[in-house]
Amino acid sequence: MSTPRPPAVGEPMARVEGRAKVTGTAPYAYEHPTAEPLYLHPVLSTVARGRVTAVHTADAELLKGVHAVLTSENAPRLADTQDAELAVLQSEEVSFRGQIVAAVAAQTPETAREAAALVRVDYEERFHDAVLRPDHQDLYTPDEADTGVPADTRQGDVDAALARAVVVVDQTYRTPREHNNPMEPHCTVAFWETLPDRLTLYDSTQGPHTVRAAMATVFGLPPENVHVVAPHVGGGFGAKGSAKAHNVLAGLAARALPGRTVKLALTRRQMFSLTGYRPPTVQRVRLGADSGGRLGALAHDVTELTSRTKEYAELSGLCSRMMYAAPARATSHRLTALDVPVPFWMRAPGEAPGMFALETAMDELAQACGIDPVELRVRNEPGTDPETGRPWSGRHLVECLREGAERFGWHGRDPSPGPHRDGQWLVGTGVASAVYPRLTNPGSVAEIEYADDGRYTVSIGAADIGTGAWTVLTQISAQALDCPVERVRLRIGDSDLPRATVAGGSSGTSSWGTAVHAAARAFREEHGEEPEPGARARAAAPENPDLERYAMYSFGAHFAEVRVHADTGEVRVPRMLGVYSVGRVINPRTARSQLVGGMVMGLSMALHEQGVVDPRFGHVVNGDLAGYHVAANADVGAVEAHWLEETDRHLNPMGAAGVGEIGIVGMPAAIANAAHHATGVRVRGLPLTPDRFL
Ligand code: MOS
């Protein structure tokens, strides 16, 4: 045996599944080979609220190759319909446009799609309301039992502090409805066995165990009789963070068609009503400061929509509870429930829209005080978490800002707002802070088994949604077992593996890595350094009391250069730079990819993304990639991601935080602030479309 190399944590290891992916041999859900599958195509409601009175299926059924048309009349009954989003085809009620009201199973996807178009649905239509208006009369406070945090917070007397302040910013910021568009659409391949009843899903999901639990509840099966397989996932961004209606539909069809495997791939358009989205936000931010820019008051009041079907609150005000040291602070969240699809996690939910508002307001304050925006943030740095008084496990925002300013060439910048002309282009630079909680979800379990080939098989039901989890968990396993990465064989992406929490909230690496470390420790304690083949150990991630003792957040500083065309208002972003504090970086190669990807998502949010709802019909009129623009190669200029050398000893045995989302947060504000610097035009609503500058 060769001499073991030191553990690979910190090394830029190439993706372990990279070769399989680029050679087309990594199996994605829809590609799961199966003999004579049936293809499922859903029929979606064309009204936003009402009741289905008749479904005419005869024309569809006449089509050659059609096996079944499922409706709420003939679909199998579900055991549990408490989650209204998952109660597919269980009643005639229509709660949003784009809801599943029928589905066709056929021999080919083309036949299923054609037949679905032949299904005619009659409705009794009712009045609907699908558009968020801040003057809604029926605003209510989201339930703490659902969100896990209080909707409102208040410390000190904000009004008095605002009245005392020398400089006040009081502005309202808006972000539009935004839709996740992972490259791989939501896909499920379902198979139902009987005696005993057993459901298998090959699914594109961020959490095999999450989907298993939901399917077990909905179908009334013991969890061990549901099997969810997801070895590779082509992006999720939150939209695949829980079971969705299409999973249930595929399960229903598989159950109705015994012995047949059912394949379902949502179309891009169907994703706009079935897979969650970021709800539009209206955010009032009030800042009161002394002449030196020190905040005396910070208030952040958020109004958003949710669906009548099921509540989801985008917690956009959380960032204002911990970012800056204002003695008087208040935050609030209010919802209005409308006839719209169910919103859900999307790319740094809460922090992404919230920090657009707060960090644009901070730029306005810097302007009003005549203080450099980097310096303004430094002056408002809190020594402990303002909300809880807890010490930070590591707060390095100031280092990020200073290093970012240095690398970006911030010094000597003309602070006055534009126009700053370079020919026909107006040129400016902007900065904003980034933040994302260092989340660790409890309850992951890992198992390690030693094989006679001298390798350790490390098993955990985690998911790699394109993030690099296959690779960093291999590295973490090697570190925990103190062996070279070549001696680790990783197994993830399957609910038959030990329980793992969802790949969401940038929590995967921390949550799963903690479990892997625990299993490695248990393995060494039981089997020592020279184990027998077949030796195995299993352990759950232990509770970490520091999670309650410390305020744990990652931070970052975003800098952007923006050019706005003087005649057309076209906005270009030739340069973005981020410096991050994310604990220890396990794999510089995949971490950089995550951070750069996040920055590009921030760019996309800043310039393009916007679902436009037609209030008459309640649907997104630009619900496809022709109309819903996302940043493409031509939008992206120079992008640099840097990070501090750091280890968070309180967070987990790796000292490493997740890096999936922080790159997004604050980047839209940095770009909007740069656009203001370039043009003198302050835009308080995303996206920064050309008309805003004309
Ligand atoms: Mo991520 S939007 O928290 O799955």
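Residues numbered from 1 in each chain as written. Predicted model: local features only at pLDDT ≥ 70, side-chain atom pairs only at ≥ 80, totals over all residues.

1. Let's talk about the overall build of the chain
Link 1 in the chain: Counting its secondary structure elements, the chain contains 17 helices and 26 strands.
Link 2 in the chain: Relative to its length of 694 residues, the chain is compact, with a C-alpha radius of gyration of 26 Å against a globular reference of 26 Å.
Link 3 in the chain: With the C-alpha coordinates of the chain rotated into their principal frame, the extents come out at 75 × 70 × 50 Å.
Link 4 in the chain: Each of the 694 residues in the chain was classed as buried or not, and the buried ones make up 58%.
Link 5 in the chain: Nonlocal contacts in the chain, meaning residues at least 24 apart in sequence, comprise 82% of its contacts between residues at least 6 apart. (Helix = DSSP H or I, 4+ residues; strand = E, 2+ residues; numbered from the N terminus. Rg over C-alpha atoms; globule rule 2.2 N^0.38 Å. Buried ≥ 20, exposed ≤ 12 C-beta atoms within 10 Å, placed from the backbone. Contact = placed C-beta atoms within 7 Å.)

2. Considerations on the nonpolar core
Link 1 in the chain: Of all hydrophobic cores here, the largest spans 222 residues; its most connected members are Leu-40, Val-104, Leu-249, Ala-253, Ala-297, Val-516 and Ile-671.
Link 2 in the chain: Among all residues touching Leu-249, those that are not within four sequence positions of it are Leu-40, Pro-42, Val-88, Ile-100, Ala-103 and Leu-264. (Core = buried A, V, L, I, M, F, W, Y, C linked by C-beta atoms within 7 Å.)

3. Quick look at the UniProt feature "domain: Aldehyde oxidase/xanthine dehydrogenase a/b hammerhead" (unreviewed entry) in the chain
Link 1 in the chain: The feature "domain: Aldehyde oxidase/xanthine dehydrogenase a/b hammerhead" (unreviewed entry), as given by UniProt, occupies residues 23-127 in the numbering adopted here.
Link 2 in the chain: For residues 23-127, the end-to-end C-alpha separation is 52 Å, with 14% helix and 33% strand making up the annotated structure. (UniProt positions renumbered as here; feature names shortened; annotations may be inferred.)

4. Examining the sheet that holds strand S13 (residues 281-289)
Link 1 in the chain: Here we have five strands laid out as an open sheet, ordered S7-S15-S14-S13-S8, and mixed in their pairing. Taken across any chain shown, the strands that pair with only one partner, and hence form the sheet edges, are strand S7 (153-155) and strand S8 (167-175). Ignoring which end each strand starts from, the neighbouring axes of this sheet average 10° apart.
Link 2 in the chain: Helix H10 (residues 351-369) contacts S8, S13 and strand S14 (295-307) of the sheet and is inclined by roughly 150° relative to S8. (Pairing = 2+ DSSP bridges. Axes fitted to C-alpha atoms, helices over the stretch in contact; angles between N-to-C directions.)

5. Some thoughts on the environment of Arg-402
Link 1 in the chain: In this structure, Arg-402 sits in helix H12 (residues 397-408).
Link 2 in the chain: Accessibility expressed as a C-beta count within 10 Å gives 16 for Arg-402, which makes it partly exposed.
Link 3 in the chain: In the structure, Arg-402 is positioned 177 residues away from Val-579 in sequence and 9.2 Å away in space, judged by C-alpha atoms.

6. Let's talk about the domain arrangement of the chain
Link 1 in the chain: Annotation of the chain at the domain level lists domain 1 (18-28 + 441-543), domain 2 (32-127 + 183-235 + 241-274) and domain 3 (144-178 + 278-439 + 549-693).
Link 2 in the chain: Domain 2 and domain 3 are separated by 37 Å when their C-alpha centres are compared.
Link 3 in the chain: The partner domain 3 presents 18 residues to the 15 residues of domain 2 that form the contact. (Domains from an automatic or database assignment.)

7. So, helix H3 (residues 109-118)
Link 1 in the chain: Every buried residue belonging to H3 is among Thr-111, Ala-112, Ala-115 and Ala-116, and all of these are buried. Buried residues of H3, viewed axially, fall in a sector of 135°; they line one side. (Arc of directions from axis to C-beta.)

8. Observations concerning the environment of Gly-354
Link 1 in the chain: Residue placement: Gly-354 occurs in helix H10.
Link 2 in the chain: Expressed as a C-alpha distance, the spacing of Gly-354 and Leu-318, which sit 36 residues apart in the sequence, is 7.5 Å.
Link 3 in the chain: Filtering out sequence-adjacent residues up to four positions away, Gly-354 remains in contact with Ser-316, Gly-317, Leu-318, Cys-319 and Ser-320.

9. As for helix H16 (residues 588-607)
Since the α-helix turns once every 3.6 residues, residues separated by three or four places project in the same direction.
Link 1 in the chain: With 20 residues, H16 should cover 28 Å at 1.5 Å per step; its first-to-last C-alpha distance of 28 Å lies within 8% of that length.
Link 2 in the chain: H16 sits mainly inside the fold: 15 of its 20 residues count as buried. (Expected span 1.5 Å × (residues − 1).)

10. Details of the sheet that holds strand S6 (residues 120-125)
As a general point, the strands of a sheet are linked pairwise by backbone hydrogen bonds and lie either parallel or antiparallel.
Link 1 in the chain: On the basis of which strands lie adjacent, the open sheet formed by three strands has the order S4-S2-S6 and antiparallel pairing. Each edge of the open sheet carries a strand with a single partner, namely strand S4 (93-94) and S6.
Link 2 in the chain: Pairing of strand S2 (residues 50-56) with S6, which is carried by six bridges, proceeds in the antiparallel orientation. Pairing of Val-52 across the sheet is with Tyr-123, part of S6.

11. A few points about unusual backbone geometry
Link 1 in the chain: Note the cis peptide between Leu-195 and Pro-196, where omega equals 0°.
Link 2 in the chain: Examined against the element boundaries, Pro-196 turns out to sit in the loop between strand S9 (187-193) and strand S10 (198-203).
Link 3 in the chain: Here the bond from Leu-686 into Pro-687 is cis, since omega is -5°, no more than 30 degrees from zero.
Link 4 in the chain: Relative to the elements of secondary structure, Pro-687 occurs in the segment after helix H17 (667-679).
Link 5 in the chain: Not every positive phi belongs to a glycine, and Glu-36 is a case in point at roughly 45°.

12. What about the confidence of the model for the chain?
Link 1 in the chain: Predicted confidence across the chain gives a mean pLDDT of 97, with 99% of residues reaching 70 or more.
Link 2 in the chain: Predicted complex metrics record ipTM = 0.97 and pTM = 0.97. (pLDDT = per-residue confidence, 0-100.)

13. Brief notes about the environment of Leu-688
Link 1 in the chain: When you line up the elements, Leu-688 lands in the segment after H17.
Link 2 in the chain: Overall, Leu-688 belongs to the buried group, with 24 C-beta atoms counted inside 10 Å.
Link 3 in the chain: Remark: the alpha-carbon pair of Leu-688 and Thr-175, spanning 513 residues in sequence, is separated by 11 Å.
Link 4 in the chain: Discounting residues that sit within four places of it in the chain, Leu-688 has contacts with Val-571, Ala-606, Leu-607, Ile-671, Ala-672, Ala-675 and Val-683.

14. Details of the packing of helix H6 (residues 208-219) against helix H7 (residues 245-256)
Link 1 in the chain: Closest axis-to-axis distance for the H6/H7 pair is 11 Å, and the angle between their directions is 55°. In this view, H6 runs oblique relative to H7, as classed from their interaxial angle. Helix-helix and strand crossings are classified by hand; for H6 and H7 the assignment is right-handed. Contacts between H6 and H7 involve Val-211, Met-215, Val-218 and Phe-219 on the former and, on the latter, Asn-247, Val-248 and Gly-251.
Link 2 in the chain: When the residues that make up the contact of H6 with H7 are grouped by side-chain class, the tally is five nonpolar, two polar and no charged. (Parallel < 35°, antiparallel > 145°, perpendicular 65-115°, else oblique. Left-handed = near helix turned anticlockwise from the far one by under 90°. Nonpolar A, V, L, I, M, F, W, Y, C, P; charged D, E, K, R; others polar.)

15. Some remarks on the packing of H16 against H17
Link 1 in the chain: Viewed as axis vectors pointing N to C, H16 and H17 meet at an angle of 55°, and their least axial separation amounts to 8 Å. Considered as vectors, H16 and H17 are oriented oblique to each other. The chirality of how H16 crosses H17 is right-handed. Taken together, the residues of H17 that come into contact with H16 (itself represented by Met-599, Gly-602, Leu-603, Met-605 and Ala-606) are Met-667, Pro-668, Ile-671 and Ala-672.
Link 2 in the chain: A per-class count over the contact of H16 with H17 returns eight nonpolar, one polar and no charged.

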